[in-house]
Amino acid sequence: MASPAQLRQVLRVGPPGDGWHRPALSAVLTLGTLNLALLALGRLDLALYTSVGGLGALFGHGLPYRARARTLAGVLLGAVLSAGAALTAAALTRDAVVLVAVAAVLAALHKLLCDAARVGPPGALIITFTTAGCAFVPQRLADLAPHLALAAVGAALAWLVCMAPALWHPYGPERTATARALEAAARLLRTDPGAPDAAARTALVGAVDAARRSLALSSPARQRALGEEPERLLVHAEAALASPVDPAAAERYAAWARDLRRGRRPVPSPELTEAEAADLRALPPVRRLPLRAVLRPGSALLPIALRVAVGCAAAGWLSLALGVGRPYWAVVTAASVFQANSTLSWQRAVQRVLGNLLGLALFTAAVPVARCGPVALIALGLLCQFGAEAMIARSYWLATVFVTPMALLMTEFAGPQPARMLVADRWLDTCVGALTGLVACLLVTNRRTAARLSRAVAGAETATRAARAALAVLAADRTGSTAADRAALAAALLELREAADTATGEWRRPTLPHQHAADTERHAHHLLTALLEHRGGGARAV
């Protein structure tokens, strides 16, 4: 039984998301254009197919534009191909048991590939949402081509909308990523000296790493146009790890971050010492782990994909057994439950059930307005889409309050549906999907999270040994750069923290080396500070 403190944590509402308006406006513009075009043609019933590609406008907003173009192309192609598989299955059979199995397998593939490629929010669920719906829409083989063409049109428009900001804000993603690193440094420099700062330190290491990856993903032309200024700022941000608490320096970092977020202001160009400039030139290039390495045998992602397949199939089949007319809702609910570990999955189930209950009340109140006409129906759907994106970073359950009526309103595009039946089916499918997902977490264990943690501890120990050796060399000879050792140590720290967080929340797992991992992490932070002090010749005064 969850304690009151745990429930408060699950239902906690955080601050507004950073840049939440970008995916929200992109989705509203894309879906609004598609739906109004269909309305003008008198075929609003085809909105499901255009939304397959149109919802792709939610992806990629944190990536530099060259990487965004590639990532969006991959996500949108995957969404269209998945819809094609679902529609083909729907054309070949009307057996709901088979169609649930198809939707469950596709949901598992979406989860596996999106997690492996680190696609980022909103992740696999959006693709599963549209694909599962396609599997249960009656089809004829002759209609597949035009329906997939509509999905491709929606995908093309989503790609153009997401890429359009490059025309007036070409360096926005890189500037924003650098600003986040500076803000993380400012938070660390304001930390109470007596308070534990491991989380703030790790957050800063992660923010600097993310910013450097963002800069590395830019096109060569954009890298030349940006110059060295963002890297110089990251050198200063990283130096906060070796600096004492300094409110004045924290304010300077925050001011630089504000300048970066105001896209038309010049990028601040702070000075570097000679040693820091040499160290910056010695930084190793940022490398991404190949997809095949992430999906190798033994990967901790594979049991999660198996959970999704088993849980979604069981949810859909149980929904059918209970006589629900739309079992794909249970499939999608089960898919939404599965997170990186069992504890997070339990929390997501609670959030999903509460959000859906409140969302059903909101839908019931909105039905009379939605049935005033198709324009009102489209407007309400877009308003719910905007509300979901505005709330998703603050709280999943609060976002679900808007997602639920949006999904129900989409069923109205094909014609008015009995509201009471829609509400009853959705509530039953929500409970079935959430419960079945949690049962799947218990049955399909993920002991590989413990193995990943052991590998992460070993990797961190290797990095700390290399860092100690580098410091020993520097004790005799003050020349030389520790950039490569520092980068390896930072990467090992981030992997150790992520592996520890994931493994700790898993049910039915082996005993974890908690103390060993904590000691290794603490020692790695100490060595990282020592390496940075060498680079700056002691704690830097900004």
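Computed from a predicted structure; not experimentally measured.

**Q** So what exactly am I meant to see when it comes to the pattern of salt bridges here?
**A** Pairs can form between side chains of opposite charge whenever their charged atoms are close. For the structure on display, the rule yields 20 salt bridges. We note a salt bridge from Asp18 to Arg180, for which the minimum N-O separation is 2.7 Å. A residue pair is termed long-range when its members are at least 10 positions apart, and Asp18 in the loop between α1 (4-10) and α2 (21-40) and Arg180 in helix α8 (residues 172-189) qualify at 162 residues. Classification of Arg180 as partly exposed rests on a relative accessible area of 34%. In this structure, Glu521 and Arg497 form a salt bridge, with 2.7 Å as the shortest nitrogen-oxygen distance. With a gap of 24 residues between them, Glu521 in helix α23 (residues 514-536) and Arg497 in helix α22 (residues 483-504) connect regions that are remote in the sequence.

**Q** Just to check I follow, could you spell out the nonpolar core for this structure?
**A** In terms of nonpolar packing, the biggest core is built from 72 residues, with Phe59, Cys312 and Leu409 touching the most fellow members. With 8 residues, helix α4 (residues 65-92) is the single largest residue contributor to this core. In this view, Cys312 contacts Val100, Ala104, Ala107, Arg307, Val331, Ala334 and Ala335; residues no more than four positions away in its chain are not counted. Of all hydrophobic cores here, the second largest spans 51 residues; its members include Ala207, Val267, Ala492 and Leu512.

**Q** Where do I start with the state of the cysteines in this structure?
**A** Formally, a disulfide is one covalent bond, and it connects the sulfur atom of one cysteine to the sulfur atom of another. Applying the stated criterion across every chain, the model contains 0 disulfides. Not part of a disulfide, Cys162 finds its nearest cysteine sulfur in Cys114, a span of 15 Å. For the unlinked cysteine Cys441, the closest cysteine sulfur is that of Cys312, found at 11 Å.

**Q** When you look at the layout of surface pockets in this model, what are you seeing that I'm missing?
**A** In this approach a probe as big as a water molecule rolls over the atoms, and the regions it shows empty are the leftover space. There is about 410 Å³ of room inside the second largest pocket. Taken together, 19 residues make up the lining of the second largest pocket; nearest its centre are Leu48, Val137, Tyr328, Met410 and Thr411. Listed by contribution, the elements that provide at least two residues to the lining of the second largest pocket are α3 (47-54), α6 (124-135), α16 (328-337) and α19 (396-411). Class assignment of the residues belonging to the lining of the second largest pocket gives a composition of 12 nonpolar, 5 polar and 2 charged.

**Q** Which parts of the structure should I look at to understand α19?
**A** Along an α-helix, a turn takes 3.6 residues, which lines up residues three or four apart on a common side. With 16 residues, α19 ought to run about 22 Å at 1.5 Å a step, and its terminal C-alpha atoms sit 23 Å apart, in line with that. The sharpest bend along α19 measures roughly 25 degrees and falls at Phe402, with the proline Pro405 sitting one to four residues further on. Counting buried residues in α19 gives 12 out of 16 residues, a clear majority hidden from the surface. Restricting attention to buried positions, one finds in α19 the residues Tyr396, Trp397, Ala399, Thr400, Val401, Thr404, Pro405, Met406, Ala407, Leu408, Leu409 and Thr411. Summarising the contacts, the buried residues of α19 are in contact with α1, α6, α16, α17 (342-370), α18 (374-391) and α20 (419-443).

**Q** Just checking my understanding: could you explain the packing of α17 against α19 for this structure?
**A** How two helices pack is summed up by the angle between their axes together with the distance between the axes. Running from N to C, α17 and α19 cross one another at 45 degrees; their axes reach a closest spacing of 6 Å. Overall, the two elements α17 and α19 adopt an arrangement that is oblique. The interaxial crossing formed by α17 with α19 has right-handed handedness. Across the interface between the two elements, Arg348, Gln351, Arg352, Leu354, Gly355, Asn356, Leu358, Gly359, Leu360, Leu362, Phe363 and Ala370 from α17 touch Tyr396, Trp397, Thr400, Val401, Phe402, Thr404, Pro405, Leu408 and Leu409 from α19. In the contact of α17 with α19, the residues fall into 13 nonpolar, 6 polar and 2 charged.

**Q** Sorry if this is basic, but what is going on with the environment of Val444 here?
**A** Here Val444 is to be found in the loop between α20 and α21 (448-476). By relative accessible area, Val444 is classed as buried at 13%. Counting along the chain gives 137 residues from Val444 to Arg307, while the straight-line C-alpha distance between them is 5.9 Å. In contact with Val444, not counting residues within four places along its chain, are Pro303, Leu306, Arg307 and Val310.

**Q** Honestly, unusual backbone geometry in this entry has me stumped. Any pointers?
**A** Trans peptide bonds make up most of the peptide bonds, and negative phi angles are found at most residues other than glycine. Between Pro121 and Pro122 the backbone carries a cis peptide bond, its omega angle lying at 0 degrees. Here Pro122 is to be found in the loop between α5 (96-116) and α6.

**Q** Which parts of the structure should I look at to understand helix α7 (residues 144-163)?
**A** When the terminal C-alpha atoms of α7 are compared, their 28 Å separation across 20 residues agrees well with the 28 Å that a helix rising 1.5 Å per residue should span. Those residues of α7 that sit buried are Leu144, His147, Leu150, Ala151, Gly154, Ala155, Ala158, Val161, Cys162 and Met163. Packing partners of the buried residues in α7 comprise α2, α3 and α4.

Each value, and the rule that gives it
Residues numbered from 1 in each chain as written. Predicted model: local features only at pLDDT ≥ 70, side-chain atom pairs only at ≥ 80, totals over all residues. Heavy atoms only, no water. Salt bridge = Lys/Arg side-chain N within 4 Å of Asp/Glu carboxyl O. Helix = DSSP H or I, 4+ residues; strand = E, 2+ residues; numbered from the N terminus. Buried < 20%, exposed > 50% of the residue type's maximum accessible area, 1.4 Å probe, protein only. Core = buried A, V, L, I, M, F, W, Y, C linked by side-chain atoms within 4.5 Å. Contact = heavy atoms within 4.5 Å. Disulfide = S-S within 2.5 Å. 1 Å grid on protein atoms, 1.4 Å probe; cavity = no way out; pocket = protein on both sides within 12 Å on 5 of 7 lines; lining within 4 Å. Points joined across faces, edges and corners; volume = space filled by probe spheres on them. Nonpolar A, V, L, I, M, F, W, Y, C, P; charged D, E, K, R; others polar. Expected span 1.5 Å × (residues − 1). Bend = angle between axes of the 7 residues up to and from the residue. Axes fitted to C-alpha atoms, helices over the stretch in contact; angles between N-to-C directions. Parallel < 35°, antiparallel > 145°, perpendicular 65-115°, else oblique. Left-handed = near helix turned anticlockwise from the far one by under 90°.

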